[in-house]
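# An overview of the molecular structure
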Amino acid sequence: MFFMPESPRYLVEKERYEEGMKILRKLHYDGTNDEWIQTEFNEIRTTIEAEKAVTVSGWLIMFQVPQWRTRLLHGIAVQAFAQMTAVNVIGYYQTILYNSLGITGGRNILVAGIYNCVGPVCNLIFIVFLLDKVGRRKPMLFGSIAVTIVLICEAALTSVNEDGSRTSYSIAGVFFIFCITVIFSFSYGSCAWYVVSRILHTVSS
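Residues numbered from 1 in each chain as written. Predicted model: local features only at pLDDT ≥ 70, side-chain atom pairs only at ≥ 80, totals over all residues. Heavy atoms only, no water.

### Considering the overall build of the protein chain
Within the protein chain one finds ten helices and zero strands. Scanning the protein chain from its N terminus toward the C terminus, one meets helices and strands in the order α-α-α-α-α-α-α-α-α-α. Against the compact-globule benchmark of 17 Å for 205 residues, the protein chain has a radius of gyration of 28 Å, which places it well outside the compact range. Overall, the protein chain is about 100 × 35 × 30 Å in size when its C-alpha atoms are taken along their principal axes. The 205 residues of the protein chain split such that 34% are buried. When contacts within the protein chain are restricted to residue pairs at least 6 apart in sequence, long-range pairs at least 24 apart make up 65% of them. As displayed, the protein chain has an accessible area near 13300 Å², and 65% of this comes from carbon and sulfur atoms. For the protein chain, the distance from the average site of its 17 positive side-chain charges to the average site of its 16 negative ones is 5 Å. (Helix = DSSP H or I, 4+ residues; strand = E, 2+ residues; numbered from the N terminus. Rg over C-alpha atoms; globule rule 2.2 N^0.38 Å. Buried < 20%, exposed > 50% of the residue type's maximum accessible area, 1.4 Å probe, protein only. Contact = heavy atoms within 4.5 Å. Areas by Shrake-Rupley, 256 points an atom, 1.4 Å probe, with all protein chains shown as cover. Lys, Arg positive; Asp, Glu negative; His and termini not counted. Charge placed at Lys NZ, Arg CZ, Asp CG, Glu CD.)

Shown next as structure tokens:
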């Protein structure tokens, strides 16, 4: 009776890795292709592990598969850094910030209105004319560094102009607040959500 040996894939599925490697070598080894044999075995094992992972329900699998865990953490980090730019905080509380800088009354509302227009306009310009040329990684690196510097400058100015009595400091304070929305629009505002959607799409596809 003819005996058909078990396939390497079947043995790997049953976690009989040493036997799987032996069968693979019997089928394909020619005395010179050790590297190819090892690569082929690794591909079989990786494929089977990925197939098993796809059939597992729940969120825990996102942390168990190394590639998925890395992508998930990258996505979380991108969104966390986007929030740490303080652009949302400024959007909600900018009128209070302007009051602390000595800009009150109608001027306060006017400056807030201009601020709310600058961000979307910069976002549109960056997406239409620059984004595909510079990519996503470099703008986000630039945004992280630039926003950090601007926030330090803003904090330093506000600390020595708490009552808003120094006009030049107040103007500089408003300038740095506007810098935040411009930098955000040229970095995380245009890239963060796209990058995360691509990362997680790769995991789910």
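### Remarks on helix α2 (residues 17-28)
Since one α-helical turn is 3.6 residues long, residues separated by three or four positions face the same way. Here α2 is twelve residues long and its end C-alpha atoms lie 16 Å apart, about the 16 Å a rise of 1.5 Å per residue gives. Residues Gly20, Met21, Ile23 and Leu24 constitute the buried set of α2. Summarising the axial view, the buried residues of α2 lie within an arc of 165°, below the 170-degree limit, and thus occupy one face. Away from the buried face of α2 by more than 90 degrees, exposed residues Glu18, Lys22 and Lys26 are located. (Expected span 1.5 Å × (residues − 1). Arc of directions from axis to C-beta.)

### With respect to the environment of Ile76
Structurally, Ile76 can be placed in helix α5 (residues 66-84). On the basis of relative accessible area, Ile76 is assigned to the partly exposed category, the value being 46%.

### Considerations on the pattern of salt bridges
Under the definition given, this model contains five salt bridges. For the salt bridge of Arg16 with Glu19, the shortest nitrogen-to-oxygen distance reads 2.7 Å. You can call Glu19 partly exposed: its relative accessible area is 38%. Residues Glu49 and Arg45 are paired through a salt bridge, measuring 3.3 Å at the closest nitrogen-oxygen approach. Of the two residues, Glu49 and Arg45 both sit in helix α3 (residues 34-54), four residues apart, roughly one turn of that helix. (Salt bridge = Lys/Arg side-chain N within 4 Å of Asp/Glu carboxyl O.)

### Description of the packing of helix α6 (residues 87-100) against helix α7 (residues 105-134)
What describes two packed helices is the angle between their axes and the distance between those same axes. Between α6 and α7, whose axes approach to 9 Å, the crossing angle comes to 160°. Judged on the interaxial angle alone, α7 and α6 are roughly antiparallel. Taken as a pair, α6 and α7 cross one another with a handedness that is right-handed. When α6 is examined against α7, the residues Val87, Ile90, Gly91, Gln94, Thr95, Tyr98 and Asn99 are found in contact with a partner set consisting of Asn108, Val111, Ala112, Tyr115 and Asn116. (Axes fitted to C-alpha atoms, helices over the stretch in contact; angles between N-to-C directions. Parallel < 35°, antiparallel > 145°, perpendicular 65-115°, else oblique. Left-handed = near helix turned anticlockwise from the far one by under 90°.)

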